[in-house]
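What follows is the residue order along each chain.
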Amino acid sequence: EKTAQHIHKSADATIFERLIQEKNKGKPGWEFMVEGGNANDYYKFVRHALERKVEPRALAEQARKVKEDREKKENNVRNNVFTATSGEPTKPKDKEA
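A brief structural summary.

The rules behind these values
- Residues numbered from 1 in each chain as written.
- Predicted model: local features only at pLDDT ≥ 70, side-chain atom pairs only at ≥ 80, totals over all residues.
- Heavy atoms only, no water.
- Helix = DSSP H or I, 4+ residues; strand = E, 2+ residues; numbered from the N terminus.
- Contact = heavy atoms within 4.5 Å.
- Expected span 1.5 Å × (residues − 1).
- Salt bridge = Lys/Arg side-chain N within 4 Å of Asp/Glu carboxyl O.
- Polar contact = N/O pair within 3.5 Å; in protein donor to acceptor, adjacent residues only side chain to side chain.
- Buried < 20%, exposed > 50% of the residue type's maximum accessible area, 1.4 Å probe, protein only.
- Arc of directions from axis to C-beta.

This part covers the overall build of the chain. Helix and strand counts for the chain come out as 4 helices and 0 strands. Secondary structure of the chain in N-to-C order comes out as α-α-α-α. Of all intrachain contacts in the chain linking residues separated by at least 6 positions in sequence, the fraction that spans at least 24 positions is 39%.

Take a look at the structure:
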C-alpha cells in the first residue's frame, strides 16, 4: 500500500511506477509490481482505489467478505446443502399429465 500511495502522489505515476519496477526487478518482496506476480492484483486494486479517492482497506475487507460468502454458497450447492430451508429433503413434484 505504501508503494502504491507514493506512486499515486508522484507527478507522473506511470513513469515513477516503471522506475520503481526496474530498480527492484528480481528483488524478493517486489513481485507485486510484476504483472501476475504475488499480490499484483491487490497492488492494482489499491492503485485503482487511490485514483478514485477511496479507502482501499475498507473496500478490500468488504470484497473479501463477499468472496467468502460466494465461495460458501458455491460449496453448499456442490455438496447439496440447502441453508434457506429446514434442511429436510423435498420430494420431487409429480408431473402433471
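Right, let's get into helix 4 (residues 56-78). Given a rise of 1.5 Å per residue, 23 residues ought to cover 33 Å, and the 32 Å separating the end C-alpha atoms of helix 4 matches this to within 8%. Two residues or fewer after helix 4 comes asparagine 80, characterised by a positive phi angle close to 60°.

Relative to the elements of secondary structure, tyrosine 42 occurs in helix 3 (residues 40-51). Linking tyrosine 42 and proline 56, residues 14 residues apart in sequence, is a C-alpha distance of 9.4 Å. Setting aside its immediate chain neighbours within four residues, tyrosine 42 contacts Glu1, Arg57 and Ala60.

Before going further, it helps to examine the pattern of salt bridges. Going through the model one piece at a time under the given rule, you end up with 10 salt bridges. Across the pair glutamate 35 and lysine 44 runs a salt bridge, and its minimum N-O distance is 2.9 Å. Each member of the salt-bridge network shares a partner with another, and the members are Glu17, Arg47, Glu51 and Arg52.

Within the secondary structure, glutamate 68 is located in helix 4. Side-chain polar atoms of glutamate 68 contact the side chain of arginine 64, separated by 2.6 Å.

For the rest of this paragraph, the subject is helix 2 (residues 13-23). Side chains three or four residues apart in an α-helix point the same way, a direct result of the helix having 3.6 residues per turn. Buried within helix 2 are the following residues: Ala13, Glu17 and Ile20. One side of helix 2 carries all its buried residues, which in axial view fall inside an arc of 65°. For helix 2, the exposed residues lying more than 90 degrees away from the buried face are Ile15, Arg18, Leu19, Glu22 and Lys23. On its buried face, helix 2 sits against helix 1 (2-9) and helix 3.

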